[in-house]
Amino acid sequence: MHAWPASEVPALPGQGLPLRIHDTAAGCTREVVPQGTTARLYVCGITPYDATHLGHAATYNAFDLVQRVWKDAGYDVLYVQNVTDVDDPLLERANATGQDWTVLAERETALFREDMTALRMLPPAHYVGAVESIPWIVPLVQKLLVSGAAYRLDGDIYFSAQADPRFGEVSGLSHEEMLPVFAERGGDPERAGKKHPLDALLWLAARPGEPAWDTELGRGRPGWHIECVAIALEYLGMSFDLQGGGSDLVFPHHEMGAAHAQSATGTHPYARSYVHAGMVGLDGHKMSKSRGNLVFVSALRREGVDPAAIRLALLSHHYRTDWEWDKSVLDTAVERLARWRAAVSRPDGPAAEQLLAEVRAALADDLDSPAALAAVDRWAARQEQDGGQEMGAPGLVSRTVDALLGVAL
Ligand code: 5CA
Ligand code: ZN
């Protein structure tokens, strides 16, 4: 499917710094140096049964910063994102509301594109639906069946968690710790007949009233984790640089994805780093479609909130922290945006080279966007207090904020 239009990334003088980022699997912050001139990035996309909320937007903002830092450091970025356009939650919502599941998925995906465009998130080069990826999923599952890493159970096909000796290395969880999380996040540890409670579905045999495809695996539909693996392997190959998503995807999704891919190819690692954004909450709970405590990007836009202010609100928190959305976060961002716009609306100002260096250093240091905002705040305060004589400095500030933070002043 098609992605959304790319906003220009202004050129900046000099070159950015290598990215240091927290890798969940390594359990520490370290340099992720892309191999060659193209950095390969996979970020898990939405399940399109409801509109983009601020939690989604915060997660995509984090990986947008990754792209911007890499580009600034001179890399091309090959970015791939999926859309889980067939899965249990989508089918359940379509059923509950009497809508056709394809219409629901298309409508919410279109809204997501609009939100991403408004927020100036750089689009993926390949934006791929689960349905579109079935032709790659089938041979992958066949391969796992042949090697004994997958098995059939009443028409369904399961991945054998024991097949990958590295299973557990992404999340660092023990099997005991995994079990309750697996049950909570779409797994079925209790199902009778499985070889191991942590085995995950690769393929679901057709169920009455549900969509299904006729394939060499039988009539059915794909499981969740294998969808991302098939898409990532198709466009990026093994050992791509960074697998991203929110922290709720560490287990089982990214753990299972790594195990599926490593077992299917006999090589490792699936990704060279696994990076996770914290959860955004509202009223004391993680913002989630199932709980319904959501603030939608599209609703804020409809109320007339400037998308640049929404983006600044997201940037005011470090991507790895869990944080709570409330009105004051947005109020502060609206006020900051106005201050910054006033500060760049003059032909001259305090020299901006140091600011550029500070923003670069902040983002290269595990995407420290609050530190980057503080640097721009300091420049804006100097401009406000005693101004400066350097012609063109506000232009450089404006390009810095646009290229590295995705905010157009
Ligand atoms: N389609 C799958 C991934 S393959 C999925 O998790 N879809 S989702 O719509 O539920 O979430 C999309 C992305 O937003 C995921 O990276 C998820 O981790 C992230 N996300 C979901 N809720 C929040 C939240 N409250 N705060 C931050 N990120 C969130
Ligand atoms: Zn995914």
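Now for a description of the structure that goes with this document.

About the cut-offs
- Residues numbered from 1 in each chain as written.
- Chains lettered and ligands numbered in written order.
- Predicted model: local features only at pLDDT ≥ 70, side-chain atom pairs only at ≥ 80, totals over all residues.
- Heavy atoms only, no water.
- Phe/Tyr/Trp six-rings, centres within 6.5 Å; stacked < 30°, edge-to-face > 60°.
- Buried < 20%, exposed > 50% of the residue type's maximum accessible area, 1.4 Å probe, protein only.
- Donors = N, O, S within 2.8 Å, 3.2 Å for Na, K, Ca; no water.
- Tetrahedral: all angles 85-135°; square planar, octahedral: opposite > 155°, others 65-115°.
- Helix = DSSP H or I, 4+ residues; strand = E, 2+ residues; numbered from the N terminus.
- Pairing = 2+ DSSP bridges.
- Near = heavy atom within 4 Å.
- Polar contact = N/O pair within 3.5 Å; in protein donor to acceptor, adjacent residues only side chain to side chain.
- Areas by Shrake-Rupley, 256 points an atom, 1.4 Å probe, with all protein chains shown as cover.
- 1 Å grid on protein atoms, 1.4 Å probe; cavity = no way out; pocket = protein on both sides within 12 Å on 5 of 7 lines; lining within 4 Å.
- Sits in = over half its atoms within 2 Å of the grid points.
- Nonpolar A, V, L, I, M, F, W, Y, C, P; charged D, E, K, R; others polar.
- Contact = heavy atoms within 4.5 Å.
- Axes fitted to C-alpha atoms, helices over the stretch in contact; angles between N-to-C directions.
- Parallel < 35°, antiparallel > 145°, perpendicular 65-115°, else oblique.
- Left-handed = near helix turned anticlockwise from the far one by under 90°.
- Salt bridge = Lys/Arg side-chain N within 4 Å of Asp/Glu carboxyl O.
- Points joined across faces, edges and corners; volume = space filled by probe spheres on them.

Our focus in this paragraph is the packing of aromatic side chains. Any pair of aromatic rings gets described here by the distance separating the centres and the angle formed by the planes. Applying the stated criterion across every chain yields a total of 11 aromatic pairs. When the ring of Tyr 151 is compared with that of Tyr 158, the centres are 6.0 Å apart and the planes differ by 20°; the resulting orientation is stacked. The two residues Tyr 151 and Tyr 158 agree in class, both being buried. Among the aromatic residues, those joined into a ring-pair cluster are Trp 4, Tyr 60, Phe 112 and Tyr 127.

What follows is about the coordination of the zinc ion (ligand 2). Cys 44 (SG), Cys 228 (SG) and His 253 (NE2) make up the full set of protein donors to the zinc ion (ligand 2), lying at 2.1 to 2.2 Å. Geometry at the zinc ion (ligand 2) is tetrahedral, judged from its four donor atoms and the angles of 101 to 120° they form at the metal. Here the donor residues of the zinc ion (ligand 2) share one chain and are spaced in sequence as C-x183-C-x24-H. Note that Cys 228 is positioned in helix H6 (residues 224-235) and His 253 in helix H7 (residues 250-265), a separation of 25 residues in sequence.

One open sheet holds the three strands; their spatial order is S14-S13-S15, and the pairing between them is mixed. Of all strands in the sheet, those bounded by a partner on one side alone are strand S14 (285-286) and strand S15 (323-324).

On to the site of ligand 1, then. For ligand 1, the set of nearby residues contains 24 residues, the closest of which are Thr 59, Thr 84, Asp 248, Met 287 and Lys 289. Between ligand 1 and His 56 there is a distance of 3.4 Å, counted from an oxygen atom to a side-chain nitrogen or oxygen. Surface burial for ligand 1 is 94%, taken as the share of its 600 Å² of free accessible area covered by protein chains. Mapping ligand 1 onto the cavity grids shows that it belongs to the largest pocket. Sorting the residues of the shell around ligand 1 by element identifies helix H1 (54-72), H6 and strand S11 (242-246) as the ones contributing at least two each. Here the shell around ligand 1 is built from residues that sort into nine nonpolar, 12 polar and three charged.

The next thing to look at is the side chain of Asn 82. Within the element layout of this structure, Asn 82 appears in strand S4 (residues 76-83). Of the polar contacts made by the side chain of Asn 82, one reaches the side chain of Tyr 42; its length is 3.3 Å. Beyond its immediate sequence surroundings of up to four residues, Asn 82 is in contact with Tyr 42, Val 43, Cys 44, Gly 45, Ile 46, Tyr 127, Val 128, Glu 227, Cys 228 and Ile 231.

A separate point is the packing of helix H10 (residues 327-343) against helix H12 (residues 369-385). Closest axis-to-axis distance for the H10/H12 pair is 9 Å, and the angle between their directions is 50°. The orientation of H10 relative to H12 falls into the category oblique. Handedness of the crossing formed by H10 with H12: left-handed. When H10 is examined against H12, the residues Arg 336, Arg 339, Trp 340 and Ala 343 are found in contact with a partner set consisting of Leu 373, Val 376, Asp 377, Trp 379, Ala 380, Gln 383 and Glu 384. Classifying every residue of the contact of H10 with H12 gives six nonpolar, one polar and four charged.

As a further point, take the pattern of salt bridges. A complete count under the given rule lists 27 salt bridges for this structure. Put simply, Arg 93 and Asp 50 hold a salt bridge, and the shortest N to O gap is 3.3 Å. Remark: Asp 50 occurs in the loop between strand S3 (38-43) and H1 and Arg 93 occurs in helix H2 (residues 88-96); sequence separation between them is 43 residues. Judged by relative accessible area, which is 25%, Arg 93 ranks as partly exposed. With its nearest N and O atoms 2.7 Å apart, the salt bridge here joins Asp 115 to Arg 301. Residue Asp 115 is found in helix H3 (residues 101-118), and its partner Arg 301 is found in helix H8 (residues 297-302); the two are separated by 186 residues along the sequence.

This next bit is on empty space enclosed by the protein. This model, assessed by the stated rule, comprises three cavities of 30 Å³ or more. When its volume is computed, the largest cavity comes out at roughly 80 Å³. Surrounding the largest cavity, 14 residues form its lining, Ala 58, Leu 314, His 317, Tyr 319 and Trp 323 being those nearest its centre. Ranked by residues supplied to the lining of the largest cavity, first place goes to H1 with five residues.

Two strands in a sheet stick together by hydrogen bonds in their backbones, pointing the same way (parallel) or opposite ways (antiparallel). As summarised here, the arrangement of the five strands in space is S5-S4-S3-S11-S12, forming an open sheet in which the pairing is parallel. One side of each edge strand has no neighbouring strand; the edge strands of this open sheet are strand S5 (126-129) and strand S12 (274-277). Sheet twist, expressed as the average angle between the axes of neighbouring strands with direction ignored, equals 20°. Pairing of S11 with S12 involves four bridges; the strand directions are parallel. Paired with Gln 243 across the two strands is Tyr 274, which belongs to S12. Set on the sheet, H6 makes contact with S3, S4 and S5; between it and S4 the angle comes to about 150°.

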